[in-house]
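Residues per chain are reported as follows:
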Amino acid sequence: MISGIIWRVVLVVIAVVTIGLQFDRQTRRSAAIAENVPELFRSAAQFPVAARALAGDDPAFALAEAERLIERRPLPAEHLRILAQAQFAAGQVEESSLSIQYAAQRGWRDPLAQESMLRLALAAGNAPEAARRYAALFLRRDTEDALLEELGPAVLDEAGGEGRQTLITIVGGGERWHSQFLGRGARVMPTAAFAEIITATTANGTQYDCRLLEQTERAVRARDEAAADTLSVILEAQC
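Residues numbered from 1 in each chain as written. Predicted model: local features only at pLDDT ≥ 70, side-chain atom pairs only at ≥ 80, totals over all residues. Heavy atoms only, no water.

Along its length, the chain carries 13 helices and 0 strands. In the chain, the succession of α and β elements from N to C terminus is α-α-α-α-α-α-α-α-α-α-α-α-α. Once local pairs closer than 6 in sequence are excluded, the contacts in the chain between residues at least 24 apart make up 51%. With an accessible surface of roughly 13100 Å², the chain has 55% of that area assigned to carbon and sulfur atoms. (Helix = DSSP H or I, 4+ residues; strand = E, 2+ residues; numbered from the N terminus. Contact = heavy atoms within 4.5 Å. Areas by Shrake-Rupley, 256 points an atom, 1.4 Å probe, with all protein chains shown as cover.)

Shown next, in the form of structure tokens:
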């Protein structure tokens, strides 16, 4: 009889745990239910809980929830970014700087982490690192053009500078994104920097699609005649 009771208790415990875990997983589809997941079972649910706490007006509570998130799921870059934001809001500036660096190292696809690292690199005078982060943001289709337009001058304004040289290396070695570079770069990059990057990469052997290059030249001409003239020379030489 005792063994039967124990068996029933075990089955109930298994059922409760299973329901709790399923409830937690469901938050990946419906984040609105995250706070209804019992704290014991929060894993996926802890991310929206921490994010909502961060949006609130209690920095200490937000930090506690962010730390709980890292304890349970330390690997995703987005989680470290939440921790960095919570630390900054709580006045832990040095800890926040370290956390955002770890986040950016783990997740090149997290735009907020990349933007934060770019701004930190600019503040430290590290133009190559800023350019690499700019490239990471540039490659994300969901990065707003306005952000790239805002950051571009600070990263790429120096003619022949380290920022432009870093982009020249990245663009020259990334044939698969040349079309994206031509189309978006003509819209968002400083025109002089854009023309210099194309000039240097073609000199190093990069071959751009002639039709796209012609469209790019027309788009740049609407912004900067001198930069467009530079592209015209390249267009005549390559096509």
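Here the narrative resumes, following the displayed structure.
The next point concerns the state of the cysteines. With the rule as written, the count across this model stands at 1 disulfide. Covalent S-S linkage joins Cys 210 and Cys 239, the inter-sulfur distance amounting to 2.0 Å. As the torsion about the S-S bond is roughly -95 degrees, the Cys 210-Cys 239 disulfide counts as left-handed. Taken together, the residues span a long stretch of sequence, with Cys 210 in helix H12 (residues 210-221) and Cys 239 in the segment after helix H13 (225-238) at a distance of 29 residues. The exposure class of Cys 239 is partly exposed, given its relative accessible area of 49%. (Disulfide = S-S within 2.5 Å. Buried < 20%, exposed > 50% of the residue type's maximum accessible area, 1.4 Å probe, protein only.)

Quick look at the nonpolar core now. Membership of the largest hydrophobic core comes to 36 residues, with the highest contact counts inside it found for Tyr 134, Phe 138, Leu 167, Phe 181, Met 189, Phe 194 and Ile 198. Residue assignment for this core shows that the elements contributing at least two residues are helix H6 (111-123), helix H7 (127-139), helix H8 (145-156), helix H9 (162-172), helix H10 (178-188), helix H11 (191-203), H12 and H13. Excluding its chain neighbours within four sequence positions, the residues that come into contact with Tyr 134 are Leu 118, Leu 148, Leu 151, Gly 152, Val 155, Leu 156, Val 188 and Met 189. (Core = buried A, V, L, I, M, F, W, Y, C linked by side-chain atoms within 4.5 Å.)

What follows covers the packing of aromatic side chains. Under the criterion given, the structure shown has 5 aromatic pairs. Ring centres of Tyr 134 and Phe 138 lie 6.5 Å apart, and the angle between their planes is 40 degrees; this geometry places the pair in the tilted category. Of this pair, Tyr 134 and Phe 138 both sit in helix H7, 4 residues apart, which is roughly one turn of that helix. With centroids separated by 5.2 Å and ring planes inclined at 40 degrees, the aromatic side chains of Phe 181 and Phe 194 adopt a geometry described as tilted. Here Phe 181, found in helix H10, pairs with Phe 194, found in helix H11; they are 13 residues apart in sequence, far enough to count as distant. Residue Phe 194 is classed as buried on the basis of its relative accessible area of 1%. Taken together, the ring pairs in this structure connect Tyr 134, Phe 138, Trp 177, Phe 181 and Phe 194 into an aromatic cluster. (Phe/Tyr/Trp six-rings, centres within 6.5 Å; stacked < 30°, edge-to-face > 60°.)

With that out of the way, let us pick up H7. Look at H7: 18 Å from first C-alpha to last across 13 residues, which is about the 18 Å you get at 1.5 Å a residue. The element H7 is extensively covered by neighbouring structure, given that 10 of its 13 residues are classed as buried. Every buried residue belonging to H7 is among Pro 128, Glu 129, Ala 130, Ala 131, Arg 133, Tyr 134, Ala 135, Ala 136, Leu 137 and Phe 138, and all of these are buried. Near the N-terminus of H7, the side chain that reaches the backbone nitrogen of Glu 129, with its oxygen 3.2 Å away, is that of Asn 126. (Expected span 1.5 Å × (residues − 1). Polar contact = N/O pair within 3.5 Å; in protein donor to acceptor, adjacent residues only side chain to side chain.)

Okay, the confidence of the model for the chain next. Mean pLDDT over the chain: 79, with 78% of residues reaching 70 or higher. The spread of mean pLDDT over the elements of the chain runs between helix H1 (residues 2-26), the lowest at 44, and H11, the highest at 95. Note that pLDDT drops below 50 for residues 6-24; the model gives that stretch 14 contacts with residues more than four away or on any other chain. (pLDDT = per-residue confidence, 0-100.)

For the rest of this paragraph, the subject is the packing of H6 against H8. Any two packed helices are characterised by the angle at which their axes cross and by the distance between the axes. Here H6 crosses H8 at 25 degrees, and the two axes come no closer than 11 Å. By the criterion of interaxial angle, the relationship of H6 to H8 is roughly parallel. Remark: the crossing between H6 and H8 carries left-handed chirality. Between H6, through Glu 115, Leu 118, Arg 119 and Leu 122, and H8, the contact on the second element is made entirely by Leu 147, Glu 150, Leu 151, Ala 154 and Val 155. Within the contact of H6 with H8, the residues separate by chemical class into 6 nonpolar, no polar and 3 charged. (Axes fitted to C-alpha atoms, helices over the stretch in contact; angles between N-to-C directions. Parallel < 35°, antiparallel > 145°, perpendicular 65-115°, else oblique. Left-handed = near helix turned anticlockwise from the far one by under 90°. Nonpolar A, V, L, I, M, F, W, Y, C, P; charged D, E, K, R; others polar.)

As a further point, take the packing of H8 against H10. Between H8 and H10, the least distance of the axes is 9 Å, while the angle of their chain directions is 65 degrees. On the basis of the axis angle, H8 is roughly perpendicular to H10. Where H8 crosses over H10, the two elements pack in a sense that is right-handed. For the pair H8 and H10, contact is made by Asp 145, Leu 148 and Glu 149 and by Arg 184, Arg 187 and Val 188, respectively. Tallied by class, residues from the contact of H8 with H10 come to 2 nonpolar, no polar and 4 charged.

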